[in-house]
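# Working through the structure, step by step
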Amino acid sequence: AQRVTQPEKLLSVFKGAPVELKCNYSYSGSPELFWYVQYSRQRLQLLLRHISRESIKGFTADLNKGETSFHLKKPFAQEEDSAMYYCALREPGRRALTFGSGTRLQVQP
Amino acid sequence: DTAVSQTPKYLVTQMGNDKSIKCEQNLGHDTMYWYKQDSKKFLKIMFSYNNKELIINETVPNRFSPKSPDKAHLNLHINSLELGDSAVYFCASSHLEGNEQYFGPGTRLTVT
């Protein structure tokens, strides 16, 4: 069975500092990986997906198959980045997502 | 607004009762889902459903049953509610082969 691990429950950084939210997965095939974000009092929404290889709001994430990781990075954190971040995996041929336990990012002024 | 909507937003009820949560999407999607978020913010899939196939997470008790009157709606019925059912329940939808899931605002269920 697939599993997604986010080792940090809370990550607190100062504004302007680099951010890395860790995500590791266990799956024997080639899954699709995603990052979803939930800002305060807003619904969960897609931030980025590994297949698009794009940067959203300054965030990037690279799929490392060797290390089975999909860490989310941003070089300079902003206060508005404070939110709950979920890493998620989708098996080929399946529709549902398997989520990690989430990491709360707190960006202090 | 095009979106995924859920009603009610909050639901407080007593143990043993039967309750329903409604979900509607007007995005034209053909697959809908229910997720449960527990007190530790852990999100777990309960069901995924389109008009041809219902996939149930085997860890979900059979007191939970999804009901879909049409492609735009997926309601969640819960029988004989228990304290452990207290959680936030999220509905979501996507295209059959789409990557992105669109989530509703969530329903906070409190069982007393």
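This text goes with the structure placed above it.
Reference entry: report on the structure contained in this document. (Residues numbered from 1 in each chain as written. Chains lettered and ligands numbered in written order. Predicted model: local features only at pLDDT ≥ 70, side-chain atom pairs only at ≥ 80, totals over all residues. Heavy atoms only, no water.)

## Quick word on the overall build of chain B
Applied cut-off: In this description a helix means any DSSP run of H or I spanning at least four residues, a strand means any run of E spanning at least two, and both kinds are numbered starting from the N terminus. Whether a residue is buried, partly exposed or exposed follows from its accessible area with a 1.4 Å probe, protein chains only, as a fraction of its type maximum: under 20%, in between, or over 50%, in that order. Contacts were defined at the residue level, with two residues in contact if any of their heavy atoms lie within 4.5 Å. Computed by Shrake-Rupley with a 1.4 Å probe, the accessible areas treat only the displayed protein chains as cover when residues are assessed.
Across its full length, chain B holds zero helices and 11 strands. Starting at the N terminus and walking to the C terminus, you meet the elements of chain B as β-β-β-β-β-β-β-β-β-β-β. Taken along the three principal axes of its C-alpha coordinates, chain B extends 40 × 30 × 25 Å. By residue count, 44% of the 112 residues in chain B fall in the buried class. Sequence-distant contacts, at least 24 apart, represent 55% of the contacts inside chain B between residues at least 6 apart. Carbon and sulfur atoms provide 49% of the accessible area of chain B, an area that totals close to 5800 Å².

## Describing the state of the cysteines
Short version of the rule: Here, a disulfide means two cysteine sulfur atoms that sit within 2.5 Å of each other.
Tallied over the entire structure, the rule returns two disulfides over all chains. Across the disulfide from Cys23 of chain A sits Cys87 of chain A; the S-S distance is 2.0 Å. Between Cys23 of chain A and Cys87 of chain A, the S-S dihedral sits near -65°, and the bridge is therefore left-handed. Remark: Cys87 of chain A occurs in strand S9 (residues 83-90) and Cys23 of chain A occurs in the loop between strand S3 (19-21) and strand S4 (24-26); sequence separation between them is 64 residues. Cys23 of chain A sits in the buried class, given a relative accessible area of 0%. Owing to a relative accessible area of 0%, Cys87 of chain A belongs among the buried residues under this scheme. Linked covalently through their sulfurs, Cys23 of chain B and Cys91 of chain B form a disulfide whose S-S length is 1.9 Å. Given an S-S torsion of about -75°, the disulfide between Cys23 of chain B and Cys91 of chain B has left-handed geometry. Taken as a pair, Cys23 of chain B in strand S3 (residues 19-25) and Cys91 of chain B in strand S9 (residues 87-94) lie far apart in primary sequence, 68 residues in all. Among the residues examined, Cys91 of chain B registers a relative accessible area of 0% and is labelled buried.

## Brief notes about the nonpolar core
Spelled out, the test is: The nonpolar core is taken to be a set of buried Ala, Val, Leu, Ile, Met, Phe, Trp, Tyr and Cys residues, with the residues joined through side-chain atoms within 4.5 Å.
If you look at the biggest cluster of nonpolar residues, it comprises 24 residues, and the most contacted ones within it are Trp35, Leu47, Leu48, Leu72 and Tyr85 of chain A. Among the secondary structure elements, those contributing two or more residues to this core are strand S2 (10-14), S3, strand S5 (32-38), strand S6 (45-49), S9 and strand S11 (103-108) of chain A. Considering every element that reaches this core, the biggest residue donor is S9 of chain A, with four residues. Not counting the four nearest positions on each side in its chain, Leu47 of chain A is found in contact with Trp35, Tyr36, Val37, Ile56, Phe59, Leu72 and Tyr85 of chain A. Ranked by size, the runner-up nonpolar core spans 19 residues in total, among them Cys23, Met46, Ile78 and Leu81 of chain B.

## Looking at the sheet that holds strand S7 (residues 60-61) of chain A
All names here are of chain A. The cut-off we apply is this: Following DSSP output, two strands are said to pair if at least two bridges run between them.
Strands sit in the order S3-S8-S7 across an open sheet of three strands; the sheet is antiparallel. For this open sheet the edge positions go to S3 and S7, each flanked by a neighbour on one side alone. One ladder, built from three bridges, connects S3 with strand S8 (residues 72-74); its direction is antiparallel. Across the sheet, the residue bridging to Val19 is Lys74, located in S8.

## A few points about the interface of chain A and chain B
Test applied: Here's the idea: put two parts together, see how much 1.4 Å probe accessible area each one loses, and the total over both is what we call buried area. Salt bridges are defined by distance alone: a side-chain nitrogen of Lys or Arg within 4 Å of a carboxyl oxygen of Asp or Glu.
Listed per partner, the contact involves 19 residues of chain A and 25 residues of chain B. Regarding the contact of chain A and chain B, the summed buried area is about 1900 Å², with carbon and sulfur atoms giving 49% of it. Ranking the residues of chain A by area buried against chain B places Arg43, Arg95 and Phe99 of chain A at the top, with a combined share of 37%. At the boundary of chain A with chain B, the tally comes to one salt bridge. Across the salt bridge formed by Glu100 of chain B and Arg49 of chain A, the nearest N and O atoms sit 3.4 Å from each other.

## Quick notes on unusual backbone geometry
Looking along the chain, the bond that leaves Thr7 of chain B and enters Pro8 of chain B is cis, with omega of -5°. Take Pro8 of chain B: it is sitting in the loop between strand S1 (4-7) and strand S2 (10-13). A positive phi angle, close to 65°, is found at Arg41 of chain A, a residue other than glycine. Take Arg41 of chain A: it is sitting in the loop between S5 and S6. If you check the backbone angles, Lys41 of chain B has positive phi at about 70° while not being a glycine. Looking at the secondary structure, you find Lys41 of chain B in the loop between strand S4 (31-37) and strand S5 (43-49).

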